[in-house]
Amino acid sequence: MFGYIIINKGDMKFREFDVYHSYYCGLCQALKEKYGKLGQISLSYDITFLVMLLGSLYEPETEVSEVKCMAHPFEKHILRKNEFSYYGADMNLLFTYYKCKDDWEDESKLTRLAYMKMVKKAYCDICVHYGEKTRKISSLMRELAQEEKRQNQDIDHMAGLFGEIMAEMMTPKNDEWSSSLRHIGNNLGKFIYILDAYEDIVEDIKKGRFNPLRKRYENPEFEEEIKTILTMIMAECCKEFEKLPVIENVEILRNILYSGIWCRFDMVSQAREGKKAKEKGAENARSI
């Protein structure tokens, strides 16, 4: 369930993209420092949002530097890194481990099993360091996996479980802002879980895999129903975000929450509409 919390580059100023990319590079550097090249493999845009949000809210001392790397070997680029880059690195590796575990158990992907084994020690260290937080996340992940095996079609319950997982990830501290951060994480988790199911529904049905939207897919109004549900979820998420005293990078964060997060939905929806139109055109041609 990675690759959903992204920017809409087309609606972003060049300077804003450079700032966003510098936080992405800072997360990459933090992963390398803590977990080596294996850690860098887990790098995701989703966690970049988390690093930027927490950094903009708490305003820690941020290191700004120019570096070269394997991805950009010929010219230096700006890198921004702070304490939340390292927190993000931990959460990034933790969730990548769970994603690999899920892929191995569901589809027996050997590459995922291999990666799990290679980062097992790092995963265990993260669990020890964060204690109760990782115990709760692990418990919720097990419950989610059990419910998926039971073929639970209650999308509210299933998405709610992943929402609780994201809420834990979004709250590194217990303070006056933790309630809003939990609400944001909870709604983002619900959105991601439902959007992931929406994107995979056709292939999951074809391959006989579990999907919590299988029954709803039979509804002729399926596309509109899912869009309405997702819109309501993100409305709550954005309302909670606007309560936070975020000034720095606020336009970049709004780009993600109001626009970027919809990119995958729009891509999938448009592809399905195009396929349906093509099939209908072919059917009309055969009937002539």
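Shown above is the structure to which this text applies.
All values derive from a computational prediction rather than experimental measurement. (Residues numbered from 1 in each chain as written. Predicted model: local features only at pLDDT ≥ 70, side-chain atom pairs only at ≥ 80, totals over all residues. Heavy atoms only, no water.)

1. Remarks on the packing of helix α3 (residues 83-107) against helix α7 (residues 155-170)
Each pair of packed helices can be summarised by the angle the axes make with each other and by the distance between the axes.
Then, number 1: The contact between α3 and α7 brings their axes to 11 Å, and the two run at 155 degrees. Compared by their axis directions, α3 and α7 come out roughly antiparallel. Two secondary-structure elements touch here, α3 through Tyr 87, Met 91 and Phe 95 and α7 through Ile 165, Met 166, Glu 168 and Met 169.
Then, number 2: In the contact of α3 with α7, the residues fall into 6 nonpolar, no polar and 1 charged. (Axes fitted to C-alpha atoms, helices over the stretch in contact; angles between N-to-C directions. Helix = DSSP H or I, 4+ residues; strand = E, 2+ residues; numbered from the N terminus. Parallel < 35°, antiparallel > 145°, perpendicular 65-115°, else oblique. Contact = heavy atoms within 4.5 Å. Nonpolar A, V, L, I, M, F, W, Y, C, P; charged D, E, K, R; others polar.)

2. Let's talk about the pattern of salt bridges
Then, number 1: Taken as a whole and assessed by the stated rule, the structure comprises 22 salt bridges.
Then, number 2: As a salt-bridge pair, Lys 99 and Asp 103 come within 2.8 Å of each other at their nearest N and O atoms. With a gap of 4 residues between them, Lys 99 and Asp 103 both fall in helix α3, about one helical turn apart.
Then, number 3: For Asp 103, a relative accessible area of 5% puts it in the buried group.
Then, number 4: Through salt bridges with shared partners, one network takes in Lys 133, Lys 136, Glu 168 and Arg 182. (Salt bridge = Lys/Arg side-chain N within 4 Å of Asp/Glu carboxyl O. Buried < 20%, exposed > 50% of the residue type's maximum accessible area, 1.4 Å probe, protein only.)

3. Thoughts on a nonpolar patch on the surface
Then, number 1: Together, Val 202, Ile 205 and Tyr 217 line one region of the surface with nonpolar side chains, adding up to about 200 Å² of accessible area.
Then, number 2: Assignment of secondary structure puts Ile 205 in helix α8 (residues 178-207). (Patch = residues over 30% accessible without salt bridge, like charges linked within 9 Å, V, L, I, M, F, W, Y side chains within 5 Å. Areas by Shrake-Rupley, 256 points an atom, 1.4 Å probe, with all protein chains shown as cover.)

4. A look at the nonpolar core
Then, number 1: Counting 85 residues, the largest nonpolar core has Phe 49, Leu 53, Leu 188 and Met 234 as the members making the most contacts within it.
Then, number 2: In terms of residue count, α8 provides more of this core than any other element does, 11 residues in total.
Then, number 3: Leaving out residues up to four positions away in the same chain, Met 234 has contacts with Leu 188, Phe 191, Leu 257, Ile 261 and Trp 262. (Core = buried A, V, L, I, M, F, W, Y, C linked by side-chain atoms within 4.5 Å.)

5. Section: the packing of aromatic side chains
Then, number 1: Taken as a whole and assessed by the stated rule, the structure comprises 14 aromatic pairs.
Then, number 2: When the centroid spacing of 3.9 Å and the interplanar angle of 10 degrees are considered together, the rings of Tyr 97 and Tyr 123 count as stacked. Placement of Tyr 97 in helix α3 and of Tyr 123 in helix α5 (residues 120-130) is noted, with a sequence separation of 26 residues between them. Like Tyr 97, the residue Tyr 123 is buried in the burial classification.
Then, number 3: Among the aromatic side chains, those forming a connected cluster through ring pairs are Phe 191, Tyr 198, Tyr 217, Phe 222, Trp 262 and Phe 265.
Then, number 4: The cationic tip of Lys 9 hangs over the ring face of Phe 17; the distance from NZ or CZ to the ring centre is 4.4 Å.
Then, number 5: Over the ring of Tyr 4 we find Arg 264; its NZ or CZ atom is 4.3 Å from the centre of that ring. (Phe/Tyr/Trp six-rings, centres within 6.5 Å; stacked < 30°, edge-to-face > 60°. Lys NZ or Arg CZ within 6 Å of the ring centre and 35° of its normal.)

6. Remarks on α8
Then, number 1: In this model α8 runs 41 Å from its N-terminal to its C-terminal C-alpha over 30 residues, within 8% of the 44 Å that 1.5 Å per residue would give.
Then, number 2: The principal kink in α8, of about 60 degrees, is found at Ile 201.
Then, number 3: Once α8 finishes, Gly 208 follows within two positions and takes phi at roughly 70 degrees, a positive value. (Expected span 1.5 Å × (residues − 1). Bend = angle between axes of the 7 residues up to and from the residue.)

7. Describing the packing of α7 against α8
Then, number 1: Taken N-terminus to C-terminus, the directions of α7 and α8 make an angle of 135 degrees; their axes are 6 Å apart at the nearest point. When the axes of α7 and α8 are compared, the pair comes out oblique. Relative to α8, the crossing made by α7 is right-handed. Each of Ile 155, Met 158, Ala 159, Gly 160, Phe 162, Gly 163, Glu 164, Met 166, Ala 167, Glu 168 and Met 170 in α7 lies in contact with α8, whose residues at this interface are Leu 181, Arg 182, Ile 184, Gly 185, Asn 186, Leu 188, Gly 189, Lys 190, Ile 192, Tyr 193 and Ile 194. (Left-handed = near helix turned anticlockwise from the far one by under 90°.)

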